[in-house]
Structures are given as structure tokens and as C-alpha cells.
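Below, each chain spelled out in residue letters.
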Amino acid sequence: MNTPPELSRFCLHTITTKPLALPAACTAYKQVDISGITVWRDALQPLGVKASAKVLADSGLKVVSLCRGGFFPAVTAVDRRKAIDENRQVIDEAAAIGAPLIVLVCGAVPKVPLTEARKQIAEALVELAPYAADANVKLGIEPLHPMFADTRSAVNTLGQANDLAEQINSPQVGVTIDVYHVWWDDRLEAEIARAGRNKSIFSFHVCDWLSPTRDMLNDRGVMGDGCIPIRQIRAWVESAGFDGMIEVEIFSSELWQLDQMQFLHRLRTAYLEHS
Ligand code: ZN
């Protein structure tokens with residue numbers, strides 16, 4: 001069956017259907033006409049990287065990115081070195097599964113001031129960019145909502161991500177725009193345009209912000225169930241030149257409880273109606 005054209009940019013993150021192992025996820029995604037897959041590293045664990053790469057290659061899905069690298073800042077130089085080495089391994093894994101991009105959750109630790117953490121992130125990216133280039137893998141800095149500034153990322157606005165990408169000034173390093181993290185920002189349209197001028201919009205993630213949000217991490221909503229103007233943000237991203245996959249990325253303890261095949265049908269409808 002040919003994929004309907006309006007679904008040709010529909011990509012799903014494996015974390016969205018966390019109960020499904022990679023082979024089952026690939027089969028199920030094809031059944032609802034999903035075109036692309038972004039693989040979370042935990043999904044590679046059960047089979048290992050090599051066998052997972054074969055599952056992906058045989059699936060007919062386009063591998064869009066590997067989630068995730070980053071977590072660079074640390075209190076000690078030894079731990080910062082460990083983080084860089086770990087990210088070299090993530091780059092190797094991306095190359096092995098044919099993922100052209102790694103999404104970076106850049107990291108933060110409570111005892112390192114945010115300005116210092118951003119310096120540490122920049123230093124790590126300067127070091128990793130040539131290694132990523134050799135592997136033909138790009139690195140997308142994903143700004144995270146400020147509620148994650150304590151432990152997950154010191155990069156909290158698209159403006160900061162653009163600053164960082166411009167500072168590193170490598171074609172390997174750009175930004176990943178996730179509506180969940182940036183929808184509230186009154187500078188968003190201007191910063192998307194700036195990233196577009198820099199040709200650095202590497203990927204685009206969608207889901208929705210539920211109101212009320214009951215859990216900081218695992219209560220993301222299906223597109224259309226919350227308050228994010230997804231279509232508006234997509235229009236800005238596309239007028240800035242982005243024509244890549246529209247990646248659905250939802251972490252939800254509630255949605256993981258559902259029958260995942262029924263959930264996938266619901267996502268397909270929501271994607272068509274609200275993304
Ligand atoms: Zn994301």
C-alpha cells in the first residue's frame with residue numbers, strides 16, 4: 001500500500017510507544033502509515049545496535065534521528081570528559097543505525113551555575129563537531145522548557161540554542177525545535193526565522209501541553225488535547241525553510257497504559273487534524 005502523501009512526513013519517536021520493543025514498533029508504525037522513526041537509545045538495548053540497525057533497515061521506515069546525546073555539564077573535569085566520550089559512542093550508534101541526526105539534551109546540574117553550564121556545553125560541542133562530521137551525523141541542540149533548567153538543560157530558549165549554534169559555527173551543529181519546550185516564548189517566531197537564515201533547523205518535534213500538567217516529565221498530550229498552537233509554529237518553521245519530518249514525541253504514563261495499536265490509530269488522526 002502506498003503511503004498517502006499527507007502522511008509522508010509523519011515520524012514517531014519510539015518513546016511514544018514505550019511498551020513496544022523495536023521490531024514490534026516498526027511493524028505497528030507501518031500499519032498506520034507512519035513514514036519515519038526517531039529511535040531512543042533505550043530501544044536499541046534489547047537487541048544491540050547491530051541487530052537493531054538491521055530491523056530498522058528492513059522496516060521501510062526512514063530513520064530520522066537518534067535520541068539522545070548531551071548531558072555535558074558536570075562538577076568535575078573527569079565527569080565532563082566521561083560525558084564527551086559517551087557522546088562519541090552515541091555518534092557511533094547513530095552512524096550504525098543510519099540516523100543522520102542526534103538530538104541533544106544538553107544537560108545541567110544543580111551545583112553548576114547556568115552560565116558556566118552553557119560554557120561547558122559549548123566546549124563539548126566544539127570538541128565533538130569534527131567527530132560528528134567524520135561520521136556524517138549532525139547534532140541538534142534542543143532547548144528545553146525552563147522547568148528543566150536544574151537537571152536536564154541549561155539551554156532553555158531557542159534564542160540560547162541559536163546563540164550556541166552560531167558560536168560553534170559548524171555545519172554539523174544546529175537546533176531541534178520541540179513545540180512542548182518553546183511554545184510559550186514571545187521571541188519564538190523571530191528565533192525560528194533566525195535559525196532558518198542560519199540553515200540550522202535540523203528537526204521539529206510535536207505533542208501538546210496538557211492543562212493542568214500533572215507530572216513535569218511524563219504527562220505530555222496528544223496533538224489537539226492541549227494549548228500549544230502547533231499549526232502556527234509549524235507554519236513558522238516551514239516559512240523558515242524547514243521541510244523535514246514532523247516528529248511526534250510524547251511521554252505519557254497514561255498513554256503508555258493504552259492498547260498501543262489503538263493509540264497509534266488515535267495518533268494518526270491527531271497528526272492529520274492538528275499537526
Ligand atoms: Zn523533543
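Cut-offs and rules
- Residues numbered from 1 in each chain as written.
- Predicted model: local features only at pLDDT ≥ 70, side-chain atom pairs only at ≥ 80, totals over all residues.
- Heavy atoms only, no water.
- Buried < 20%, exposed > 50% of the residue type's maximum accessible area, 1.4 Å probe, protein only.
- Helix = DSSP H or I, 4+ residues; strand = E, 2+ residues; numbered from the N terminus.
- Pairing = 2+ DSSP bridges.
- Right-handed = clockwise from strand over helix to strand, strands pointing away.
- Axes fitted to C-alpha atoms, helices over the stretch in contact; angles between N-to-C directions.
- Contact = heavy atoms within 4.5 Å.
- Salt bridge = Lys/Arg side-chain N within 4 Å of Asp/Glu carboxyl O.

**A few points about the pairing of strand E3 (residues 62–70)**
Counted residue by residue, E3 has 7 buried out of 9 residues, so it is predominantly covered. As paired strands, strand E2 (residues 36–40) and E3 are joined by 5 bridges and run parallel to one another. Paired with threonine 38 across the bridge in E3 is serine 65. At this point the chain moves from E2, through helix H2 (residues 49–59), to the parallel E3, and the crossover so formed is right-handed. Of the strand pairs in this sheet, E3 and strand E4 (residues 101–105) are connected by 4 bridges, and their pairing is parallel. Bridging across to E4, cysteine 67 finds its partner in valine 103. The parallel pair E3 and E4, bridged by helix H3 (residues 77–97), forms a crossover whose chirality is right-handed.

**Examining the sheet that holds E4**
If you walk around this closed barrel you meet the 8 strands as E1-E2-E3-E4-E5-E6-E7-E10, and the pairing is parallel. Put simply, the sheet's adjacent strands are angled 30° from each other on average, direction ignored. Alignment of strand E1 (residues 10–13) against strand E10 (residues 246–248), held across 3 bridges, turns out to be parallel. Pairing of phenylalanine 10 across the sheet is with isoleucine 246, part of E10. Packed onto the sheet, helix H5 (residues 158–168) meets strand E5 (138–141) and strand E6 (173–178) and runs at close to 165° relative to E6. Running over the sheet, helix H10 (residues 260–274) touches E1 and E10 and is turned about 135° from E1.

**Overview of the pattern of salt bridges**
Going through the model one piece at a time under the given rule, you end up with 18 salt bridges. One salt bridge connects arginine 81 with glutamate 127, and the closest N-O pair in it is separated by 2.8 Å. Separated by 46 residues along the polypeptide, arginine 81 in helix H3 and glutamate 127 in helix H4 (residues 114–134) bring together distant segments of the chain. On the basis of relative accessibility, which here comes to 38%, the residue arginine 81 falls in the partly exposed class. Judged by its relative accessible area of 27%, glutamate 127 falls in the partly exposed class. Between arginine 220 and aspartate 178 there is a salt bridge; the shortest N-O distance is 3.3 Å. Linking arginine 220 in strand E9 (residues 220–221) with aspartate 178 in strand E6, this pair joins segments that are 42 residues apart in sequence. For arginine 220, a relative accessible area of 3% translates into the label buried.

**Overview of unusual backbone geometry**
Glycine aside, residues mostly have negative phi angles, and peptide bonds mostly take the trans form. Going from cysteine 67 to arginine 68, the amide bond is cis rather than trans, its omega being 0°. Structurally, arginine 68 is set in strand E3. Here aspartate 33, not a glycine, exhibits a phi torsion of approximately 70°, which is positive. Overall, the relative accessible area of 8% leaves aspartate 33 in the buried class. Of note, the phi angle at phenylalanine 71 is positive, near 50°, even though the residue is not glycine. Within the fold, phenylalanine 71 resides in the loop between E3 and H3.

**Some points on the pairing of E1**
What you see with E1 is no split at all: Phe10 and Leu12 on one side and Cys11 and His13 on the other are buried throughout. Of the pairings in the sheet, the one linking E1 to E2 comprises 3 bridges and is parallel in character. Bridging across to E2, histidine 13 finds its partner in threonine 38. As for the winding sense of the linkage, the β-α-β connection from E1 through helix H1 (residues 22–31) to E2 is right-handed.

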